[in-house]
Amino acid sequence: MALLPILQYPDSRLHTVATPVQAVDARIRQLVRDMADTMYAAPGVGLAATQVDVHERVVVIDVSEDGNDLHVLINPEITWKSDEQQTYEEGCLSVPGVYDEVQRAARIHVKALNERGEPFEFDADGLLAVCVQHELDHLQGKVFVEYLSLLKQNRIRTRLRKQQREAQREAAGV
């Protein structure tokens, strides 16, 4: 089990647009395993490769209550979004301790490759639809706080930078 370091907002690497996976090979399958381990340990319900500083289109998601329904999405694409919207309170492993409401499509249709490189498609609604849209935003270099007002974004950035400085001081024994 390898736990990967998760980039923290406002790290500029979170704004990198991920490139498509060229081949689903042993390296990608290991990345998927490591990302799943990292997501479960965090704990979280989704993780995009961008968040662990790998800029390829790979996402892992598990919105089940008991963490036994892992979705692996390689080169995912949302091919349809409903006009109907829903608002969910979102959080993010890259923005620890911050939660706010974001409006997204209520239903979506997704196509992707699985960890064997096989294409598949599915419809999603509820928390799964929110999570897929949130993680695919990461692949486009967008963090959920960017849906919030500039005032909220600045407050979050300031608070997180302060927390990071305090953590660095503690680690240095100052």
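Residues numbered from 1 in each chain as written. Predicted model: local features only at pLDDT ≥ 70, side-chain atom pairs only at ≥ 80, totals over all residues. Heavy atoms only, no water.

1. Quick notes on the overall build of the protein
Across its full length, the protein holds 3 helices and 7 strands. Listing every helix and strand of the protein by position from the N terminus yields α-β-β-β-β-β-β-β-α-α. Taking 16 Å as the expected radius of gyration for a compact globule of 174 residues, we find that the protein reaches 16 Å, a close match to that expectation. For the C-alpha atoms alone, the extent of the protein along its principal axes is close to 50 × 40 × 30 Å. For the protein, with 174 residues in total, the buried portion stands at 43%. Within the protein, residue pairs in contact and separated by at least 24 positions form 65% of the contacts whose partners lie at least 6 positions apart. Of the roughly 9300 Å² that the protein leaves accessible, carbon and sulfur atoms contribute 49%. (Helix = DSSP H or I, 4+ residues; strand = E, 2+ residues; numbered from the N terminus. Rg over C-alpha atoms; globule rule 2.2 N^0.38 Å. Buried < 20%, exposed > 50% of the residue type's maximum accessible area, 1.4 Å probe, protein only. Contact = heavy atoms within 4.5 Å. Areas by Shrake-Rupley, 256 points an atom, 1.4 Å probe, with all protein chains shown as cover.)

2. Some thoughts on a positive patch on the surface
Side chains of Arg 161, Lys 162, Arg 165 and Arg 169 sit close together on the surface and give a patch of like positive charge. Mapped onto the fold, Lys 162 is located in helix α3 (residues 150-172). Judged by relative accessible area, Lys 162 falls into the partly exposed class, the value being 47%. (Patch = residues over 30% accessible without salt bridge, like charges linked within 9 Å, V, L, I, M, F, W, Y side chains within 5 Å. Salt bridge = Lys/Arg side-chain N within 4 Å of Asp/Glu carboxyl O. Lys, Arg positive; Asp, Glu negative; His and termini not counted. Charge placed at Lys NZ, Arg CZ, Asp CG, Glu CD.)

3. So, the sheet that holds strand β7 (residues 119-125)
Ordered by their spatial adjacency, 5 strands build an open sheet running β1-β2-β3-β6-β7, and the pairing between neighbours is antiparallel. Single-partner strands in this sheet number two, and they are β1 (46-48) and β7. Neighbour-to-neighbour, the strand axes of the sheet open up by a mean angle of 40 degrees, direction not taken into account. The pairing of strand β6 (residues 107-113) with β7 spans 7 bridges and is classified as antiparallel. Looking across to β7, one finds that Ile 108 is bridged to Ala 124. (Pairing = 2+ DSSP bridges. Axes fitted to C-alpha atoms, helices over the stretch in contact; angles between N-to-C directions.)

4. A look at the nonpolar core
Counting 17 residues, the largest nonpolar core has Val 59, Ile 61, Leu 73, Ile 108, Phe 122 and Val 132 as its most contacted members. Where this core is concerned, the elements lending two or more residues are β2 (58-61), β6, β7 and α2 (126-139). If we skip the residues at most four places from it in the chain, Leu 73 touches Arg 57, Val 58, Val 59, Ile 61, Ala 112, Leu 113, Phe 120, Phe 122 and Val 132. Core analysis: the next-biggest nonpolar cluster, separate from the first, contains 14 residues, Leu 47, Val 52, Val 58 and Ile 74 among them. (Core = buried A, V, L, I, M, F, W, Y, C linked by side-chain atoms within 4.5 Å.)

5. Regarding α2
One full turn of an α-helix is made of 3.6 residues, so residues set three or four places apart face in the same direction. Between its terminal C-alpha atoms α2 stretches 21 Å, which fits the 20 Å expected from 14 residues at 1.5 Å a residue. In terms of burial, α2 is a largely internal element, 13 of the 14 residues being buried. Gly 141 sits one or two residues past α2 and shows a positive phi near 80 degrees. (Expected span 1.5 Å × (residues − 1).)

6. Section: the pairing of strand β3 (residues 71-81)
Looking at chain direction, β2 and β3 are connected through 4 bridges and run antiparallel. Of the residues in β3, the one forming a bridge with Ile 61 is His 71. With 5 bridges joining them, β3 and β6 adopt antiparallel strand pairing. What sits directly across from Trp 80, in β6, is His 109.

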